[in-house]
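# Structural features, examined
What follows is the residue order along each chain.
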There are 2 protein chains.
Amino acid sequence: MQQGTSKRDEIIRVGAALIHARGYNATGLQEILDRASVPKGSFYFYFRSKEEFGVEIIDHFASIVGGIFSRHLRNGSIAPLRRLEELFRFFEGYYKKQEFAGGCPIGNLSLEMADASERLRTKLAAVIREIIGTITACLQEGVGDGSLRPDLDAAGTAEFIFHAFEGALLHMKVAKSVEPLRAFRKHVFRYIGRREGEPQQQGGS
Amino acid sequence: MQQGTSKRDEIIRVGAALIHARGYNATGLQEILDRASVPKGSFYFYFRSKEEFGVEIIDHFASIVGGIFSRHLRNGSIAPLRRLEELFRFFEGYYKKQEFAGGCPIGNLSLEMADASERLRTKLAAVIREIIGTITACLQEGVGDGSLRPDLDAAGTAEFIFHAFEGALLHMKVAKSVEPLRAFRKHVFRYIGRREGEPQQQGGS
DNA sequence: ACATCATAATAGACCGGTCGTCTATAATGT
DNA sequence: ACATTATAGACGACCGGTCTATTATGATGT
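Please read these numbers as outputs of a predicted model, since none were measured by experiment. Counting of residues starts from 1 at the beginning of each chain's written sequence and follows it residue by residue. Each chain is given a letter, starting from A, and each ligand a number, starting from 1, according to the order in which they appear as written. For this predicted model, a pLDDT threshold of at least 70 governs which residues receive local features, and a threshold of 80 or more governs which side-chain atom pairs are given and counted, while totals over whole chains, interfaces and linings are taken from all residues. The side-chain numbers reported here are obtained from all heavy atoms of the structure, hydrogens and water having been left aside.

What follows deals with the overall build of chain A. Scanning chain A from terminus to terminus reveals 9 helices and 0 strands. What you see in chain A, going N to C, is helices and strands ordered as α-α-α-α-α-α-α-α-α. With the principal axes as the frame, chain A shows a C-alpha extent of 65 × 35 × 30 Å. For chain A, with 205 residues in total, the buried portion stands at 52%. The long-range fraction of contacts in chain A, counting pairs at least 24 apart against all pairs at least 6 apart in sequence, stands at 60%. Using a 1.4 Å probe, accessible areas were evaluated by the Shrake-Rupley method; residue-level cover was limited to the displayed protein chains. Accessible surface computed for chain A: about 9300 Å², of which carbon and sulfur atoms make up 50%. The charge count includes Lys and Arg as positive and Asp and Glu as negative, but it does not include His or the ends of the chains. Where a charge sits is defined by one atom per residue type, namely NZ (Lys), CZ (Arg), CG (Asp) or CD (Glu). A distance of 3 Å separates the average location of the 28 positive side-chain charges in chain A from that of its 25 negative side-chain charges. Only DSSP runs of H or I reaching four residues or more are called helices, and only runs of E reaching two or more are called strands; each is numbered from the N terminus. Categorising residues by exposure relies on relative accessible area from a 1.4 Å probe, with only protein chains included: less than 20% of the type maximum marks a residue as buried, more than 50% marks it as exposed, and the intermediate range marks it as partly exposed. Any two residues having at least one pair of non-hydrogen atoms within 4.5 Å are treated as being in contact.

Below you can see the structure in the form of structure tokens.
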């Protein structure tokens, strides 16, 4: 009985992987179903339409990506700025393993689907809002413990960091290189006040 | 009628607009050809394949986007930092007019096509490299005239600015709001050293 | 002027894949 | 026995990119 659900989950799992690799429009239902060994007709028993399925795929990605952000940024056992560092170091390792393919599934779907489906657009916007919220909370902790300037605009800075990260992932995907992620890390931490592996130098206040 | 070429250009013009609005995969040749009033069969007289056509579409976008960057950032009549400000102000106005639809055509195609076509990927990477180069040159001018720290890593900073900008456009597209672009401008100029919120100029437009 | 010929351009057939629907069947639980 | 849950896959209508055959066009040689 629980296996009934697992079949549905399998469609989502396989579909998410395929959509992450090829994109939403370039991925056909047939291919997903073939790989999941699920007959065509069953799809419309589990999902109302491809768009409906897309919403669930976004939920799936949101829980994975959001989970990574949360696990790192809410880890109370290390200092807030350090958490940020570890987070982006983690992503760098992950994407190196993937040979820079795929990129951010949320970013990919955002650019591909925002103008095509209002349903998916609002869903994606909510996911992004939450991720930025997680970063914001971490920065606020940094303000609280004195490692960041007391007048720091945590929400705006978190948003800016998210922008730079997404842009770096885009650049990484197209350049097939770690370099964009390196530049991102270096400048993000310089911006918020931490030097990375470099001689500290007066940044001229 | 030596506009044999103009017919070809018309296909590119119409195709670029459609691909900018809907994406590469979601745009069919048929729709492009219908709107350009060119029969289906003629397409393969002008272009070898859809991918070949894609390369030309990227060239088209590159000349438009690259042109905007160049026109602003190589304008010797105003100070380098001011050029950057005007550039992003210009984009903000443009996207407001478009109601935040479309986003950056280069960014869109990068995420959609980088893993699907090596041909398009390298082309897109080159376009991005050139844009970052234009920003780099502008920053170097700023270093030269003393408005930026002498030890500024111009190339890395330019790259970082590009990342943040692309990320902001992504966020703008999905949130359908100017706010991401506002946050981007505020933090970018805070990072490179210009204080915002202080009346420093009249909106010269 | 006329026939010839290469090229420019068009027309539409072609096959395969798309999403989505439909009916038929099998497993399950009460 | 029977409704419910799930599987099965054919089918339709349509649209995708590509190809081959055909027709305009225009230059050339006599």
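That covers the picture; the talk isn't over yet.
Glancing now at the relation of the copies chain B and chain A. The copies were overlaid by least squares, fitting only the C-alpha atoms of residues that reach a pLDDT of 70 or more in each copy. Each copy of the sequence occupies a distinct position, and chain B is placed on chain A by a rotation of 180° and an axial shift of 0.0 Å, giving an RMSD of 0.1 Å. Between the two chains, the operation in question is that of a two-fold axis. When each C-alpha of chain B is compared by its distance to the rotation axis, A164 of chain B comes out closest, at 1.9 Å. Looking at the interface residues of chain B, 98% of them are also at the interface in chain A, so both copies use one shared face.

A separate point is the packing of helix α5 (residues 80-97) of chain B against helix α9 (residues 179-192) of chain B. All names here are of chain B. The interhelical angle for the contact between α5 and α9, taken along N-to-C directions, is 175°, at an axis separation of 11 Å. Between α5 and α9, the crossing angle belongs to the class labelled roughly antiparallel. Of the residues in α9, those touching α5 at L81, L84, E85, F88, R89, E92, Y95 and K96 are L181, R182, F184, R185, F189 and I192. Note on geometry: axes are C-alpha line fits, over the in-contact stretch for helices, and angles between N-to-C directions span 0 to 180 degrees. Here the word oblique covers every angle except those under 35 degrees (roughly parallel), over 145 (roughly antiparallel) and from 65 to 115 (roughly perpendicular).

As a further point, take the protein's contact with DNA strand C. Taken together, 13 residues lie around DNA strand C, and L29, K40 and Y44 of chain A together with G41 and S42 of chain B are the ones closest in. The share of sugar and phosphate among atoms of DNA strand C within 4 Å of the protein is 57%. Nitrogen and oxygen atoms within 3.5 Å of one another constitute a polar contact, given that in protein one can donate a hydrogen and the other can accept it, and given that sequence-neighbouring residues count only through two side-chain atoms. In the model, a base oxygen of DNA strand C is placed 2.5 Å from a nitrogen or oxygen of the K40 of chain A side chain. At a separation of 2.7 Å, a phosphate oxygen of DNA strand C approaches a polar side-chain atom of Y44 of chain A. At the level of elements, α2 (29-36) and α3 (40-46) of chain A together with α1 (4-22) of chain B are the ones that each hand at least two residues to the surface near DNA strand C. Three residue categories are used. Nonpolar comprises Ala, Val, Leu, Ile, Met, Phe, Trp, Tyr, Cys and Pro, charged comprises Asp, Glu, Lys and Arg, and polar comprises the others, including Gly. Considered class by class, the residues forming the surface near DNA strand C number 4 nonpolar, 6 polar and 3 charged. Residues are labelled near a given molecule or strand when at least one of their non-hydrogen atoms is within 4 Å of it.

Here we take up unusual backbone geometry. Residue and element names in this part refer to chain A. Unusually for a residue other than glycine, E99 sits at a positive phi of about 55°. Here E99 is to be found in the loop between α5 (80-97) and α6 (105-113). Taking relative accessible area as the criterion, E99 reaches 59% and is therefore assigned exposed.

Turning our eyes to something else, we now look at the packing of helix α4 (residues 50-73) of chain A against helix α7 (residues 118-144) of chain A. Residues and elements named next belong to chain A. Contact geometry for α4 and α7: axes closest at 10 Å, N-to-C directions at 5°. The pairing of α4 with α7 is recorded here as roughly parallel in orientation. Contacts between α4 and α7 involve E51, E52, G54, V55, I58, D59, A62, V65, F69, S70 and L73 from the former and R119, L120, K123, L124, V127, I131, T134, I135 and C138 from the latter. Within the contact of α4 with α7, the residues separate by chemical class into 12 nonpolar, 3 polar and 5 charged.

Let's shift gears to the protein's contact with DNA strand D. Residues in contact with DNA strand D amount to 15 residues; listed here are only the nearest, G41 and Y46 of chain A together with L29, Y44 and K50 of chain B. Backbone sugar and phosphate groups make up 59% of those atoms of DNA strand D lying within 4 Å of the protein. The contact in question runs from a phosphate oxygen of DNA strand D to an N or O atom on the backbone of L29 of chain B, over 2.8 Å. K40 of chain B is positioned with one of its side-chain polar atoms (N or O) 3.2 Å from a base oxygen of DNA strand D. Only α3 of chain A together with α2 (29-36) of chain B provide two or more residues apiece to the surface near DNA strand D. By residue number, the principal contributor to the surface near DNA strand D is α3 of chain A, which donates 5 residues. By residue class, the composition of the surface near DNA strand D is 6 nonpolar, 5 polar and 4 charged.

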